[in-house]
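# Observations on the three-dimensional arrangement
Each chain, written out:
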Amino acid sequence: MAGSSEEKGFDLRDKIFLNKANKRRQYSYKDSHRRWSDGWSSVNEDRVQIERSLVHEGVKQRRFFTEEECEIIEKKIDEVVNLADKGAYKVHSVDRAPLRNKYFFGEGYTYGSQMDKKGPGQEKLYAKGDVDPIPEWVRELVEKPLVKHKLIPEGFINSAVINDYQPGGCIVSHIDPAHIFDRPIISVSFMSDSALCFGCKFSFKPIRVSEPVLSLPVTRGCVTLLSGYAADEITHCIRPQDIVKRRAVIILRRVLPDAPRLEPELPCEPVSSVQDRLVIKRKRSPSPNKIPSKVVKMDKLSVQSMIVETIETKRIIECSSSEQIDINQVSTLEVNKPSDVNRSSEIIVPDERKPKSTEPSTFFSRRLVIPPKPSRQVFISNSRKSV
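Because the structure is predicted, anything quoted here is derived from the model rather than measured. (Residues numbered from 1 in each chain as written. Predicted model: local features only at pLDDT ≥ 70, side-chain atom pairs only at ≥ 80, totals over all residues. Heavy atoms only, no water.)

### A word on the packing of aromatic side chains
Inspection of the entire model under this criterion finds eight aromatic pairs. Judged by centre distance (5.4 Å) and plane angle (45 degrees), the rings of Y109 and Y111 are tilted. Accessibility assignment for this pair places Y109 and Y111 in one class, buried. Measuring from ring centre to ring centre gives 5.1 Å for Y109 and F181, while their planes differ by 80 degrees; the resulting arrangement is edge-to-face. (Phe/Tyr/Trp six-rings, centres within 6.5 Å; stacked < 30°, edge-to-face > 60°. Buried < 20%, exposed > 50% of the residue type's maximum accessible area, 1.4 Å probe, protein only.)

Set out below in structure tokens:
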């Protein structure tokens, strides 16, 4: 018993010692991990600072649009929106999304869900003429001041886009395709203040945005030019939390002459011409043994001409009295009273296609079904016969 108690005491002391050693190991691991994480965070902060300075080098901002000029331009933007709502622009000139609409002028290109093949470098310009030309007021009120202040050379711009954001609207992180657009990329802000963010990552359902590398304030009337690292090496976006009021941006760019372009679409026929070429559906007979027929309306002269044509082609005429008259035995066929034939008689003309029956007398037959008249008389071989 005593030996067993000593063994228990020895085991207990070992457990206490081991627990203390494990705690020391845990503390040392936590301390080293803390020191490692602190060192990594300092390295990460240095990297962010370097990247932030590179973005600043590729960004230029100017503000020379006055309050009155902004109001005039904003009225013109409202006119564009109203014209688009009335359907005045071409299909590829307008791109609508929740809380954000885009209006393309001069040149438009495929992006996002519009692309057949996804991925960077797959964007293509629309065919020439698929997008409306740049409005004259954009040239006069927006482009000329930029040329005057020597931000861009004259004739540099051949593409203009108006982005209209509602509160909570956004545009996800992206880089303007370098194989389509030259640098710099110019944007002019109107209607309210906002921010242009760099290096964000978006997640959806619900929409969430990571912290940006740089959040660049853009005020009303501010001109922003992107080039170098800011345009080519890091994404930029508009976050939903940065749009608290309606905001409009005019983006001016130059499309490269060798940019890939979609093939022009085949012209669509007008709806009226398509309807004119519709084939009349054939009226099916309730009996499967009968040949399907087309029902047409014919006047008196058409009935008479059809009778003459039937005689000349030596077909078989079936009257409503179920009596058949062989054309080979008919020398003349005449209707004594033209009034007996209604001006809108219904004539059933079967399709001239070979029926399943093998009787030679019924091949390619043409039948005229005319309502019987008591006074109608038919002359056969110069002999009178009442029908």
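### Some points on a nonpolar patch on the surface
There is a patch of nonpolar side chains on the surface, built from V172, F204 and I207 and spanning about 270 Å² of accessible area. Locating F204 in the fold gives a position in the loop between β8 (202-203) and β9 (208-209). (Patch = residues over 30% accessible without salt bridge, like charges linked within 9 Å, V, L, I, M, F, W, Y side chains within 5 Å. Areas by Shrake-Rupley, 256 points an atom, 1.4 Å probe, with all protein chains shown as cover. Salt bridge = Lys/Arg side-chain N within 4 Å of Asp/Glu carboxyl O. Helix = DSSP H or I, 4+ residues; strand = E, 2+ residues; numbered from the N terminus.)

### Describing the sheet that holds strand β5 (residues 171-174)
Taking strand neighbours across the sheet as the criterion, the four strands line up as β5-β12-β7-β10 in an open arrangement whose pairing is antiparallel. Strand pairing shows two members of the sheet lacking a second neighbour, β5 and β10 (214-218), which therefore form its edges. For this sheet the average axis-to-axis angle between neighbouring strands, irrespective of direction, equals 25 degrees. (Pairing = 2+ DSSP bridges. Axes fitted to C-alpha atoms, helices over the stretch in contact; angles between N-to-C directions.)

### Here's the deal with the sheet that holds strand β11 (residues 222-226)
One open sheet accounts for seven strands, arranged β1-β11-β6-β13-β4-β3-β2; its pairing is antiparallel. The open sheet terminates on both sides in strands that have one partner only, identified here as β1 (59-63) and β2 (94-97). On average, adjacent strands in this sheet sit at an angle of 15 degrees to one another, irrespective of strand direction. Strand direction decides the pairing type here: β2 and strand β3 (residues 100-105), joined by four bridges, are antiparallel. Paired with V94 across the strands is Y103, a residue of β3.

### Looking at the confidence of the model for the chain
Chain-level statistics for the chain give a pLDDT mean of 75 and a share of 56% at 70 or above. Per-residue pLDDT stays below 50 along residues 314-349; that stretch engages in 91 contacts with residues further than four places along the chain or on separate chains. (pLDDT = per-residue confidence, 0-100. Contact = heavy atoms within 4.5 Å.)

### What to know about the pairing of β3
In terms of burial, β3 is largely enclosed, as six of its six residues are buried. Every second residue of β3 is oriented toward a common face, with R100, K102 and F104 on one face and N101, Y103 and F105 on the other, all of them buried. What sits between the antiparallel neighbours β2 and β3 is a turn of two residues, in which L99 has the positive phi angle 65 degrees. Two elements, β3 and strand β4 (residues 159-165), share six bridges in a ladder whose sense is antiparallel. Bridge pairing links N101 to D164 in β4.

### Section: helix α2 (residues 67-85)
Under the 1.5 Å per step criterion, the end-to-end length of α2 is 27 Å for 19 residues, consistent within 8% with the ideal 27 Å. All buried positions along α2 are accounted for by C70, I73, E74, I77, V80, V81 and A84. Angularly, the buried residues of α2 cover 110 degrees about the axis, an arc narrow enough to put them on a single face. Set apart from the buried face of α2 by more than 90 degrees, the exposed residues are E68 and K75. One or two residues past the end of α2 sits G87, with phi positive at roughly 80 degrees. (Expected span 1.5 Å × (residues − 1). Arc of directions from axis to C-beta.)

### Section: the pattern of salt bridges
Using the criterion set out here, one finds 15 salt bridges in the structure. Two residues, K144 and E140, come together in a salt bridge whose shortest N-O distance is 3.2 Å. Of this pair, K144 and E140 both sit in helix α3 (residues 136-148), four residues apart, which is roughly one turn of that helix. Overall, the relative accessible area of 37% leaves E140 in the partly exposed class. Across the pair R239 and D242 runs a salt bridge whose closest N-O atoms are separated by 2.9 Å. Looking at R239, the relative accessible area reads 11%, which means it is buried. Among the charged side chains, a salt-bridge network with shared partners connects E67, E74 and R220.

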